[in-house]
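# Topology and contacts: notes
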Amino acid sequence: MLKRLVCIGCMVGAVTGCTWADDTESHSPALKTRWASDVSPHNPLPEYPRPQMVRAQWKSLNGPWDYSIVPLSTKEPPAAWDGKILVPFAAESLLSGVQRTVGEENLLWYRREFEVPPQWQGKRIILHFDAVDWESSVYVNGHEAGSHRGGYSRFSFDITPYLKEKGSQILEVKVWDPTDTHWQPRGKQVNDPKGIMYTAVTGIWQPVWIEPVGEASIESLSIEPDIDNARVTVIANTHLPEGKGGPAPPYYVRVEATGNGVSASTVGRPGQPIDLAIENPRLWSPEDPFLYDLQVTLFEQESPISSLAAKIDHVESYFGLRNVSLREDDTGITRIFLNRQPVFMFGPLDQGWWPDGLYTAPTDEALRYDIEVTRKLGYNMCRKHVKVESDRWYYWCDKLGLLVWQDMPNGDRAIHPAGGEITRTKESADNFRAELREVITQHQAHPSIVFWIPFNEGWGQFETREIVGWIKQQDPTRLVIGASGWNDIRGVGDAHDLHIYPGPGSPEPENRRAAVLGEFGGLGLPLPGHLWQEDRNWGYRSFKNQKELQAGYIKLINRLRPFIRLPGLSAAVYTQTTDVEGEVNGLMTYDREVMKLGSPEVVAANQSLYTQPKPIKWLAPTSRKHSTTARYTTTKPEEGWITPEYDDTAWKEGIGGFGNGRAWNAIPRTAWKTDDIWLRRKLVLQEAPQGEVVLLIYHDDTAEVYVNGHAVEPLIGADNHYRILPLSAAATDSLKAGENIVAVHCHNQENSPGFIDFGMAELVEKEEK
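Cut-off values and rules
- Residue numbers restart at each chain and count upward from 1, following the sequence in its written direction.
- Local features in this predicted model are restricted to residues of pLDDT 70 or higher, and side-chain atom pairs are both shown and tallied only at a pLDDT of 80 or more, whereas totals for entire chains, interfaces and linings draw on every residue.
- For the side-chain quantities, the full set of heavy atoms in the structure was used; hydrogens and water were omitted.
- What we call a nonpolar core is a set of buried Ala, Val, Leu, Ile, Met, Phe, Trp, Tyr and Cys residues that are connected through their side-chain atoms within 4.5 Å.
- We call a residue buried when its accessible area falls under 20% of the maximum for its residue type, exposed when it is over 50%, and partly exposed in between, using a 1.4 Å probe and counting protein chains only.
- Helix and strand definitions follow DSSP, with helices as H or I runs of at least four residues and strands as E runs of at least two, each counted in order from the N terminus.
- By definition, residues are in contact when any of their heavy atoms lie within 4.5 Å.
- The pairing criterion is simple: DSSP has to find at least two bridges between the two strands.
- Salt bridge, as applied in this entry: a Lys or Arg side-chain nitrogen positioned within 4 Å of an Asp or Glu carboxyl oxygen.
- The angle between two axes is taken between their N-to-C directions and runs from 0 to 180 degrees, where each axis is a line fitted to C-alpha atoms and a helix contributes only its stretch in contact.
- Roughly parallel means an angle under 35 degrees; roughly antiparallel means over 145; roughly perpendicular covers 65 to 115; every other angle is labelled oblique.
- Helix crossings fall into two classes, left-handed where the near helix is turned counterclockwise from the far one by less than a right angle and right-handed where it is turned clockwise.
- Residue polarity follows a fixed list, in which Ala, Val, Leu, Ile, Met, Phe, Trp, Tyr, Cys and Pro are nonpolar, Asp, Glu, Lys and Arg are charged, and the others, Gly among them, are polar.

### Some thoughts on the nonpolar core
Among the nonpolar cores identified, the biggest contains 107 residues, and Ile-336, Met-345, Phe-346, Trp-405, Phe-520, Tyr-553 and Tyr-574 are the most heavily contacted of them. Among the elements that take part in this core, helix H6 (residues 546-565) stands out by supplying 8 residues, more than any other. Apart from the residues within four sequence positions on either side, Phe-520 is in contact with Phe-346, Ile-500, Tyr-501, Pro-502, Pro-504, Leu-556, Ile-557, Leu-560, Ala-572, Val-573, Tyr-574 and Thr-575. Judged by nonpolar contacts, the second largest core, of 30 residues, contains Ala-91, Val-98, Leu-108 and Ile-204.

Structural data, given as structure tokens:
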């Protein structure tokens, strides 16, 4: 291992001051973002960390701390320190000034001194950690203040009993993070990063700060909008002292909302729902992300509105009035509704990684940038992928109007796509539930969050039905996807979610579940000079230059659009916002310097998905919901089998679809277990189609399709979903009133899943009366 000295100040572009760290180098990427030079070596990320509960007095503890990496068996704080680490950047990151792997066999210790402002005398001092990965113990002046498990939820301790009356205070933190050798939620962190998995993140990775509060104080707010009744319900969760020598005095809470020319206030009790009516409510949406200001005050008197009332605590907050639900549209399709209107949700898979800060954005401006770019590119949502962000990230989503699908970071072990659920140990299961509860509770008030997703692609998936039921009970104001991709538990959650690469495709909407495409795309383009690594870069489909990438993306979006109407897709998530380490399938490069998919043509393609889709007219349905029949043979037929005139009376007749029972998301009703199958299906039309005609087909493996003897686009390889393909001009023109023939040949690789089913539809300009 290479030893070197690193100047934190010079690394982040400070004008003055040098702090030296002795660094054992494990990985030294040169890639960083333009915001790295704006990071203060003395007070990084200086903004107030909690925009939904702002107090006037607080003090950041971000900045240079002592650190040391010691063996796991070490019982006491280090006698000597390895150097300085810039908090809140993880030890493995460039911006930390350390850039070392910690590993499961070691502990990461932190130490710093701080002073409590003298004007805070007589107050309780609360120490906040917004995120520490994973298991942490906190010591103040040698006394243990508390411990916490969970890398994605914030925690706080009242450190007043451990503080000296004046002068310097000593804060120490001990962290253990086993990354992927243990069962804890960890997202995409692994000890051996490659492919879709990334560098481990250890220790403090979100702000650390203190604030003064009284003996009685507001600890948290629950904010629930209700647009049907034009009101917001607020619960002020409080810390209230016991009375001395008698009952504690009564406490009251005043809630006041202002905005859109309206001011409203009311009074209630701590810990109880307080309903506040909002006159002429202005609803929050991506098009109009309007936020009301909210003031919450804790009083000690029975008449808190009077001038004699004693104000004990006061916080500033905000809220958005919005509603998300499932309803049927005017054609009877179950769809996602926002504020009682159907909305197609479309946006990128957002990993939230940075080449210089890993889990932590260099600055608040950088954090905002990704969200602004997402909106400017024509997306109205993003899926925050197996990571939970800082409160300021969600604040910017609230402020800029970006809908959020929030994943719970995965942990434990993964399963095969059709492998059912895992069985966790009690410790693993209890830990997952505890952190999930904290994540939901701590982010409950953000109007931008509209979906909770507890599991992704079977990673750690267990007891899905029970966990989805608990989430719905905990937060009835949002929708839930039980499992995004892979192991769908039928009927569980509010959406059936498929992952299809490159896609697109769609599951079938259900009576109580919408159809969503939780991941697709992943079109890759490596750009030299903007790469994390020079080799082993990949995407789900690779391109040679930006022109080809753009054409491929627009083609993909054009193919996505028909699924909105047929079968009724409600949302789609494109992979992904930025390149990340070895993945080069981002809309932007990892350093955010090159917009690979940012042209006006791309934006126009994205925005076209929000227009009303063309109604459809079935010419020949698939077998997903209908009983369809076709003539078939598994013996190669003679020439002319693709033409209408061919005599197929010697062929067998079967009910679609045809398969061997091993294809994913397929329902075979006629067995096909040979290498090849040939089918002919008769279409009787009342009149020739006037609009665009598309083919719906599920083929596993390679297929060739002919309409009245005219070839449709060759279908190479397997698609484990139904595709929608426009017919060629010749095939479309051949369709006529009366009898038509669709002929299909499907070839299956030896010992592979096999399935074939198809249908045909016309996209019409308006509904037929």
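### Remarks on the pairing of strand S7 (residues 124-129)
Among the 6 residues that make up S7, 6 are buried, leaving the element largely enclosed by the rest of the structure. Because side chains alternate across S7, one face comprises the buried residues Arg-124, Ile-126 and His-128, and the other comprises Ile-125, Leu-127 and Phe-129, equally buried. Bridge count for S7 against strand S16 (residues 208-213) is 6 bridges, and the pairing is antiparallel. Looking at S16, one finds that Ile-125 is bridged to Pro-212. Where S7 meets strand S11 (residues 155-158), 4 bridges bridge the pair, whose relative direction is antiparallel. Paired with Leu-127 across the strands is Phe-157, a residue of S11.

### Remarks on the pattern of salt bridges
By the definition in use, this model includes 43 salt bridges. Two residues, Arg-368 and Glu-372, come together in a salt bridge whose shortest N-O distance is 2.7 Å. Here Glu-372 and Arg-368 lie together in helix H2 (residues 364-376), a separation of 4 residues that amounts to about one turn. Of the charged contacts, one joins Asp-648 and Arg-680 as a salt bridge, the two residues approaching to 2.8 Å between their closest N and O atoms. In this pair, Asp-648 sits in the loop between strand S40 (629-633) and strand S41 (652-655) while Arg-680 sits in strand S44 (residues 676-685), placing the two residues 32 residues apart along the sequence. Counted as one network, the salt bridges with shared partners bring together Arg-50, Arg-55, Glu-211 and Asp-313.

### Considerations on the environment of Leu-549
Relative to the elements of secondary structure, Leu-549 occurs in helix H6. Spatially, the C-alpha atom of Leu-549 lies 7.1 Å from that of Leu-523, the residues being 26 residues apart in sequence. Among all residues touching Leu-549, those that are not within four sequence positions of it are Leu-523, Gly-524, Leu-525, Phe-543, Lys-596 and Leu-597.

### Brief notes about the packing of helix H4 (residues 426-442) against helix H5 (residues 464-474)
Describing two packed helices takes the angle between their axes plus the distance from one axis to the other. At a closest axis distance of 11 Å, the pairing of H4 and H5 adopts a crossing angle of 30°. Taken together, the axes of H4 and H5 are roughly parallel relative to one another. Classified by chirality, the crossing of H5 by H4 is right-handed. In contact with Phe-432, Arg-433, Leu-436, Arg-437, Ile-440 and Thr-441 of H4, H5 contributes Ile-467, Trp-470, Ile-471 and Gln-474. The class makeup of the residues in the contact of H4 with H5 is 6 nonpolar, 2 polar and 2 charged.

Shape descriptors only; they carry no functional weight alone.
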